[in-house]
Amino acid sequence: MKLLKKISLAVVVVLVGMQFFSPTKNISPGSHTEVFIKETNPSAELKTIFENSCYDCHSNNTEYPWYNNIAPISYLLADHVKEGKKHLNFSEWQGYSLRKKDRLLEEIEEEVVDGNMPLNQYTFLHNDTALTPNEVNELVEWVRQTRIIYQLGKQPK
Ligand code: HEC
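The sections below set out a description of the structure shown in this document. Note that the coordinates shown come from a computational prediction; the quantities given were computed from them, not determined experimentally.

### Quick look at the site of the ligand
Surrounding the ligand, one finds 17 residues, the nearest of these being Cys54, Cys57, His58, His87 and Met117. At a separation of 2.8 Å, a nitrogen atom of the ligand approaches a polar side-chain atom of His58. A distance of 3.2 Å is found between an oxygen atom of the ligand and a side-chain nitrogen or oxygen belonging to Glu107. Judged by the fraction of its atoms near the pocket grid, the ligand is located in the largest pocket. Within the residue set of the shell around the ligand, elements represented by two or more residues are α4 (55-58), α5 (73-87) and α6 (98-113). Looking at the shell around the ligand residue by residue, the class counts come to 9 nonpolar, 5 polar and 3 charged.

### So, the coordination of the iron atom of the ligand
Summarising the metal site, the iron atom of the ligand is bound by the protein donors His58 (NE2) and Met117 (SD), whose distances to it range over 2.0 to 2.3 Å. By relative accessible area, which is 31% here, Met117 ends up partly exposed.

### Concerning the packing of aromatic side chains
One pass over the full model with this rule turns up 11 aromatic pairs. Look at Trp66 and Tyr67: their rings are 5.4 Å apart centre to centre, the planes differ by 80°, and that puts the pair in the edge-to-face class. Overall, the relative accessible area of 65% leaves Trp66 in the exposed class. Given the relative accessible area of 14%, Tyr67 is considered buried. Between Trp93 and Tyr96 the ring centres are 5.8 Å apart and the planes differ by 80°, which places this aromatic pair in the edge-to-face class. Here Tyr96 falls in the buried class, since its relative accessible area comes to 14%. Joined through ring pairs, the aromatic side chains of Phe36, Phe50, Tyr55, Phe90, Trp93, Tyr96, Trp142 and Tyr150 make up one cluster.

Definitions and cut-offs
- Residue indices begin from 1 for each chain and proceed along its sequence in written order.
- Reporting in this predicted model follows two pLDDT cut-offs: at least 70 for local features of residues, and 80 or more for side-chain atom pairs to be given and counted; totals over whole chains, interfaces and linings ignore these cut-offs and use all residues.
- Computation of side-chain values covers all heavy atoms of the structure but excludes hydrogens and water.
- Here, proximity means that at least one heavy atom of the residue falls within 4 Å of the molecule or strand.
- As used in this structure description, the phrase polar contact means that two N or O atoms lie within 3.5 Å; if the pair is within protein, one of them must be able to donate a hydrogen and the other to accept it, and residues adjacent in sequence are counted only when both atoms belong to side chains.
- In this analysis a 1.4 Å probe is tested at points of a 1 Å grid over the protein atoms alone, and where it fits but cannot get out there is a cavity; an open set with protein on both sides within 12 Å along at least five of seven lines is a pocket; lining residues have an atom within 4 Å of a point.
- Pocket occupancy is defined atom-wise: a molecule lies in a cavity or pocket when more than half of its atoms are within 2 Å of its grid points.
- Helix and strand assignments come from DSSP, with helices taken as H or I runs of at least 4 residues and strands as E runs of at least 2, each series counted from the N terminus.
- Only Asp, Glu, Lys and Arg are considered charged, only Ala, Val, Leu, Ile, Met, Phe, Trp, Tyr, Cys and Pro nonpolar, and every remaining residue, Gly among them, polar.
- Donors, by definition, are the N, O and S atoms found within 2.8 Å of a metal, the threshold being 3.2 Å for Na, K and Ca, and water is not counted, so a site can look incomplete.
- Three exposure classes are used, based on accessible area relative to the maximum for each residue type with a 1.4 Å probe and protein chains only: buried under 20%, partly exposed in between, and exposed over 50%.
- Aromatic pairs are defined between Phe, Tyr and Trp rings, using the six-membered ring for Trp, whenever the two ring centres lie within 6.5 Å; interplanar angles under 30 degrees are classed as stacked, those over 60 as edge-to-face, and all others as tilted.

In structure tokens:
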């Protein structure tokens, strides 16, 4: 029992100590996804879906929930954002090649159709961020149309 008390105390001390540290936040206000929206021309509904369900982890601007002020949650979120942006960053769309844009659209379709994205941990904590079957269909249709544009762009003139 004595040992257990010591361990509990140590855990509390570590948790409290952690609160003095926090990872750098992913915040850059402004219309950072303008190029992506202009090029791929999603419907207003799809645009809202990207804003509500994807940009927090796949853009240069995250809207943080209040619990991000609590370590170690802040570190878990920072890791999701870092990993998410590494794979796909809607704020950096202008920097991707045609081939990469085409491939990313294919992956967006796959991840959403398979139900991998948005991450379960995210939809569990954020209401109405999971896509309905109708929204998934609309996204699939948009991906197909937009990929054609990028694929045509690849053709030699
Ligand atoms: C909570 C953070 C989070 C949200 C919200 C989120 N993602 Fe992701 N996403 C990640 C992480 C982390 C990875 C990389 C690790 C992985 O594949 O699981 C990733 C990977 C991806 C990939 C690349 C997969 C690959 O194989 O390279 C695509 C495409 C993607 N996400 C699309 C989306 C779309 C579209 C949305 C919105 C409908 C979305 N994500 C919402 C965190 C997120």
